[in-house]
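So the chains spell out like this:
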Amino acid sequence: GAEVMTLAGFCLFLFSFGLSSFGLVGADEPRYAQVAREMLARHDWITPILNGQPWLEKPPLYYWGAMLSYSLLGVSDWAARIPSALLASFMMAGIWLFMRRFRPGSQLDAALIAASCAATIGFARAASTDMPLAATFTLGMLGWLAWRQEGRKLWLAAFYLFIAMGTLAKGPVAPLLAGAIIVVFALARREPGVVSRTLWWPGVVLYLAAALPWYVAG
């Protein structure tokens, strides 16, 4: 009750307050916002388009979010930033839920510390692919940690699904980084078996089913 309201209030303030007070900045924000606008105008949910030409520098997860935002709120600078703000909020909710389950009593502190980091606030307020990657990757790694704690395959499935979303956010950096972290963790904790147990074929199938269709279609 009170904790949820507190966290929601902080997320709303840190990630959304004044979101329309300044225009799109830098090279990336205008470019990503324009790609989503052109895709929506063409009713094309597959091929990113910039200035009428295919622009395949980044996968589509951010564009899909911005297209939905434009459809509901109209095309504007602040609507282009809404997907990042929402994903940052989902990331904080995931941290809160994880800590409440596995480290009860510290969940609000953990979520507020994560929410108040300068990089979190900055990327949560930007029309870019950085927060989509950070949020999906964080939720995926929390799923992996939950699986390691409890051994439930549902958590491992969540890991594979969110890492697939990370792949749709910014490419192969998500599975490569996840793999590197898990290997280093296994070495540091002297748990080599955790790497082989992580390689779960239904999870790999789930990952491919979620991430591969766009890459094939694109």
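It should be noted that the structure appears before, not after, this text.
A few points on the structure. None of the values given here were measured: they were computed from a predicted structure.

Comments concerning the overall build of the chain
When its secondary structure is counted, the chain shows 11 helices and 2 strands. Seen in sequence order, the chain has helices and strands lined up from the N terminus as α-α-β-β-α-α-α-α-α-α-α-α-α. Taken against the 2.2 N^0.38 rule, which gives 17 Å for 218 residues, the C-alpha radius of gyration of the chain at 18 Å falls within 12% of a compact globule. Counting only C-alpha atoms and orienting by the principal axes, one finds that the chain spans roughly 50 × 45 × 25 Å. In the chain, which comprises 218 residues, the share counted as buried stands at 42%. About 10,900 Å² of surface is accessible on the chain, with carbon and sulfur atoms providing 70% of the total.

Some remarks on the environment of Leu 24
Here Leu 24 is to be found in the loop between α1 (2–16) and α2 (28–42). We classify Leu 24 as partly exposed; its relative accessible area is 23%. Between the C-alpha atom of Leu 24 and that of Ala 127, which follows or precedes it by 103 residues, the distance is 7.8 Å. Once you skip the residues sitting within four places of it in the chain, Leu 24 turns out to touch Glu 29, Pro 30, Ala 33, Asp 77, Arg 81 and Ala 127.

Digging into unusual backbone geometry
A positive phi angle, near 55 degrees, is found at His 43, a position not held by glycine. Along the chain, the position of His 43 falls in the loop between α2 and β1 (49–50).

Brief notes about the side chain of Arg 81
Summarising the element assignment, Arg 81 is placed in helix α4 (residues 77–102). Taking relative accessible area as the criterion, Arg 81 reaches 0% and is therefore assigned buried. Polar contacts involving the side chain of Arg 81 include one to the main-chain carbonyl oxygen of Arg 125, which spans 3.3 Å. In this structure Arg 81 touches Leu 19, Phe 22, Gly 23, Leu 24, Val 25, Glu 29, Ala 124, Arg 125, Ala 126 and Ala 127, once residues within four positions along its chain are discounted.

Notes on the packing of aromatic side chains
To describe a pair of aromatic rings, one takes the distance between the centres and the angle between the planes. In this structure the tally under the stated criterion is 10 aromatic pairs. Taken together through their ring pairs, the aromatic side chains of Tyr 32, Trp 55, Tyr 62 and Tyr 63 make up a single cluster.

Analysis parameters
Residues numbered from 1 in each chain as written. Predicted model: local features only at pLDDT ≥ 70, side-chain atom pairs only at ≥ 80, totals over all residues. Heavy atoms only, no water. Helix = DSSP H or I, 4+ residues; strand = E, 2+ residues; numbered from the N terminus. Rg over C-alpha atoms; globule rule 2.2 N^0.38 Å. Buried < 20%, exposed > 50% of the residue type's maximum accessible area, 1.4 Å probe, protein only. Areas by Shrake-Rupley, 256 points an atom, 1.4 Å probe, with all protein chains shown as cover. Contact = heavy atoms within 4.5 Å. Polar contact = N/O pair within 3.5 Å; in protein donor to acceptor, adjacent residues only side chain to side chain. Phe/Tyr/Trp six-rings, centres within 6.5 Å; stacked < 30°, edge-to-face > 60°.

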